Each structure stands twice: as structure tokens, then as C-alpha cells.
Amino acid sequence: MYSTLHCNFLARPLRSLAFASRRPIIQYSGTFQLKARHRNAFTAVTRALSTSCVRLSDRKTDNTKDSVATPPLRENIYTIPNLLTVSRILSCPVLGWSILHDDFFLATGLLVYAGLSDLADGYLARRFSMHSVLGTILDPAADKTLMTTLTVTLAVKGLLPVSLASIIIGRDVLLSLSAFYIRYTSLPAPKTFARYWDFSIPSAEVRPTTISKYNTFAQLALMCATTVTPILPTQYNLFVPEMQILVAVTTVWSGLSYVFSKDAVRIVSETRKQPPPS
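Counting restarts for each chain, with residues numbered from 1 along the sequence as it is written. Selection of residues for local features in this predicted model requires a pLDDT of at least 70, selection of side-chain atom pairs for listing and counting requires 80 or more, and totals for whole chains, interfaces and linings are taken over all residues. By convention in this description, side-chain values take in all heavy atoms of the structure and omit both hydrogens and water.

Student: It is not clear to me how the overall build of the protein chain should be interpreted in this structure. Could you clarify?
Tutor: Only DSSP runs of H or I reaching four residues or more are called helices, and only runs of E reaching two or more are called strands; each is numbered from the N terminus. Helix and strand counts for the protein chain come out as nine helices and two strands. Taken from the N to the C terminus, the helices and strands of the protein chain come in the order α-α-α-α-α-α-α-β-α-α-β. By the convention used here, residues are in contact when the closest approach between their heavy atoms is within 4.5 Å. Across the protein chain, every contact between residues at least 6 apart in sequence was considered, and the portion connecting residues at least 24 apart equals 76%. Values of accessible area rely on a 1.4 Å probe in the Shrake-Rupley scheme; residue burial ignores everything except the protein chains shown. In the structure as shown, the protein chain presents an accessible area of about 18,800 Å², 68% of it carried by carbon and sulfur atoms.

Student: Please clarify how the packing of aromatic side chains should be interpreted in this entry.
Tutor: The relation between two aromatic rings is expressed through the spacing of the ring centres and the mutual angle of the planes. Only centres within 6.5 Å qualify two rings of Phe, Tyr or Trp (six-membered ring in Trp) as a pair; their planes then separate them into stacked at under 30 degrees, edge-to-face at over 60, and tilted for everything else. With the rule as written, the count across this model stands at three aromatic pairs. Three or more aromatic residues joined by ring pairs form one cluster here, namely Phe180, Phe193, Tyr196 and Trp197. Counting as a charge over the ring demands two things of the Lys NZ or Arg CZ atom: a distance within 6 Å of the ring centre and an angle within 35 degrees of the ring normal. The side chain of Arg127 reaches across the aromatic face of Phe128, ending 5.2 Å from its centre. We note Lys191 situated over the ring of Tyr184; from NZ or CZ to the ring centre the distance is 5.4 Å.

Student: Hey, could you run me through helix H2 (residues 80-90) in this one?
Tutor: Residues that lie three or four places apart on an α-helix share one face, since the helix turns once every 3.6 residues. Working definition: with a 1.4 Å probe on protein chains only, accessible area under 20% of the residue-type maximum means buried, over 50% means exposed, and in between means partly exposed. Within H2, the full set of buried residues consists of Pro81, Asn82, Thr85 and Arg88. The buried side chains of H2 occupy one side of the element, clustering within an arc of 115 degrees when seen end-on. In H2, the exposed positions angled more than 90 degrees off the buried face are occupied by Leu83 and Leu90. Contacts made by the buried residues of H2 are with helix H3 (92-100), helix H4 (104-127) and helix H5 (133-156). As used here, the arc belongs to the directions running from the helix axis to the C-beta atoms.

Student: Which parts of the structure should I look at to understand the pattern of salt bridges?
Tutor: When the charged atoms of two side chains lie near each other, side chains of opposite charge can form a pair. The term salt bridge refers to a pairing of a side-chain nitrogen on Lys or Arg with a carboxyl oxygen on Asp or Glu at a separation within 4 Å. On inspection of all chains with the given rule, the structure shows six salt bridges. Between Asp102 and Lys157 there is a salt bridge, with the nearest N and O atoms lying 2.8 Å from each other. Within this pair, whereas Asp102 is found in the loop between H3 and H4, its partner Lys157 is found in the loop between H5 and helix H6 (162-186), the two being separated by 55 residues in sequence. Here the salt bridges do not stand alone but share partners, grouping Arg88, Asp118, Asp121, Asp139 and Asp143 into one network.

Student: What should I look at first to understand a nonpolar patch on the surface in this one?
Tutor: Within the patch definition used here, like charges are joined within 9 Å and nonpolar side chains (Val, Leu, Ile, Met, Phe, Trp, Tyr) within 5 Å, considering only residues with over 30% relative accessible area and no salt bridge. A cluster of nonpolar residues, Val173, Leu174, Leu177, Phe180, Phe193, Trp197 and Phe199, forms a patch on the protein surface that exposes about 760 Å² of accessible area. Counting residues per element, the nonpolar patch draws most heavily on H6, at four residues. Here Val173 is to be found in helix H6.

Student: Please clarify how unusual backbone geometry should be interpreted in this entry.
Tutor: Excluding glycine, a negative phi dihedral is what most residues carry, and trans is how most peptide bonds are arranged. Phi is positive for Ser129, close to 55 degrees, though the residue is something other than glycine. Secondary-structure assignment places Ser129 in the loop between H4 and H5. The exposed category is assigned to Ser129, whose relative accessible area is 62%. In this model, Phe239 sits at a positive phi of 55 degrees, which is unusual for a non-glycine residue. Examined against the element boundaries, Phe239 turns out to sit in the loop between helix H8 (210-228) and helix H9 (240-260).

Student: Explain empty space enclosed by the protein here, please?
Tutor: By rolling a water-sized probe across the atoms, one finds the places where empty space is left. Grid points spaced at 1 Å over the protein atoms alone were grouped into cavities, where a 1.4 Å probe fits but cannot get out, and pockets, open sets with protein on both sides within 12 Å along at least five of seven lines, with lining residues defined by an atom within 4 Å of a point. Grid points are joined across faces, edges and corners, and a volume is the space filled by probe spheres set on the points. Applying the stated rule across the entire model yields one cavity of 30 Å³ or more. Counted as a void, the largest cavity has a volume near 40 Å³. Considering the residues around the largest cavity, the lining is formed by Val133, Leu134, Ile137, Arg183, Phe199, Ile201, Pro202, Ser203 and Ala204. Among the elements that make up the lining of the largest cavity, the one with the highest residue count is H5 (three residues). Following the grouping adopted for this structure description, the nonpolar residues are Ala, Val, Leu, Ile, Met, Phe, Trp, Tyr, Cys and Pro, the charged ones are Asp, Glu, Lys and Arg, and the polar ones are all others, Gly among them. Within the lining of the largest cavity, the residues separate by chemical class into seven nonpolar, one polar and one charged.

Student: Quick question: what am I supposed to make of the confidence of the model for the protein chain here?
Tutor: When pLDDT is low, close inspection of the predicted coordinates is not appropriate. Summarising the model, the protein chain shows a mean pLDDT of 76, and 69% of its residues fall at 70 or more. Predicted confidence in the protein chain is weakest over helix H1 (residues 2-69), with a mean pLDDT of 51, and strongest over H3, with 95. The quantity known as pLDDT measures the predictor's confidence residue by residue, on a range of 0 to 100. A low-confidence stretch, residues 14-28 (pLDDT under 50), is modelled with zero contacts involving residues beyond four sequence positions or located in other chains. Segment residues 64-72: pLDDT under 50, and seven contacts once partners within four positions in sequence are set aside and those in other chains are kept.

Dropping the structure here:
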């Protein structure tokens, strides 16, 4: 009896001690579970952030590679052929002044310079690979400026029929307006005034047709013959009337060839085409 009571007396504090000791264990285990959940959430957020950063860096790297691989297309416009062509354009006002003041010797000398410089810039562009899109525009522009100057001044002096001068000037005016329109439509965005006149940004390349080349040669021959005639003796016949008919026919023909030809104008892209993804 004594032993049973003694055991019950000792068992009560032990059970109470065990019950009391279980509470902090349960509390600690709940705390550990909460910390584990926080740790897992933190790990998931860290992984998501690192993945997004890696994707962003890869995207920036791809954009950098694309920008390096496909730079805007620009070209060197300060070449010797282009400078010769510009000098030929700048000599036209002096040529017109010399014809209006009956100085046909100076006019003949400027015509010789124009012909030699035209041959020289073409040879240098082919021999030393100095081709440029601006050159394809400047060269015919120089020829047209020369033709316009000679046509107007010779018609004013009465050495060229006004009807023929009207045909030549009318065709050149129409081609010039078409060139301004093609430049605007083919210029890559943004279409600003500064970019429009920045000829280092090519947009369209003008290719003269075959009949246009023959017409340019016929016009040059007629203008040279008309300019040289006043300083030649009267017994020399340069067949000026026959050349005038030839120039009138080829001028109209060449103007129509630019309208119906598909190869007269070629649009130049600002950027190179990107290769397909592998």
C-alpha cells in the first residue's frame, strides 16, 4: 500500500513535468516549420529574380549583337570622282556667263574641261572602286546642269531653237521632280529634313537607260557644235540642223524610257538583311 501511494505520488510530478516539457517542444517545432516555409519562399523568389536577370542580360546581349551585326548603311561621299563631278557642276555658271557675253573661247575651254572630267571620274570610280550611290545621282545631275545651262544660254543668244530648248528643259524638269519624290518615298524612317539632305544615307540608286546614254551623247555633241560654230570659219559644216532633229527624237524617247523601265531606279535598304535564326 505504501509503495503504491509512493509511486502515485512520484508519478504525478513526472507527468506534470512531461506535460509541461511538451509545450515548448511543440512551439519550437512550429517555429522551425515557419522558418522553413520562409526559407523556401525566399529561395523561390531568389530563383525567380535570378532567372529574370539572366533572361534580361541575354536579351541585352542579343540586341547588342544585332546592333553590331547590322549597323546603319552609310558610305564615304568624299571621293575624287564625286569632287570632279561637283567641280563640273560649279563650272556651269561660268560657262553660261561666257556664252551670254560672247566669250565662246572660254566656253569652249570649259566644255573641254567638262568632257575630260567626266571621263576621269568614271575611270577613277571603276579603277579604284570608288563607286557610291551619291555618285550615281551626282553624275547625271552634273550632265543635266550642263545641258540646262547650255540650252538656256544658247536659246537666249538665238543659236538654238526655242522649241527644242523647251523639249530638253521640260524633260529635265520632270525627271528632277521625280527624283525628289523618289528620294522622299525611299528614305528610311524617320523622314526628317536633315536626313533628306544627308546624302551619306543612300535611299535610291538611279540607273540611266540605254537610250538615255545615247541622248546625253547627242545633246553634248549638239551643244558643243553650237558653241564652237561662232569661232569656226564659215566653210565648216557641223550638221547642226540634222543634230537638232536627232536630239529632239532621243530626248522624248529617253524620257518615256524612265517611265516604263523597271531597272531605272533601285531602292537601297538602310540596313542589311538579318540572317534567319538557326
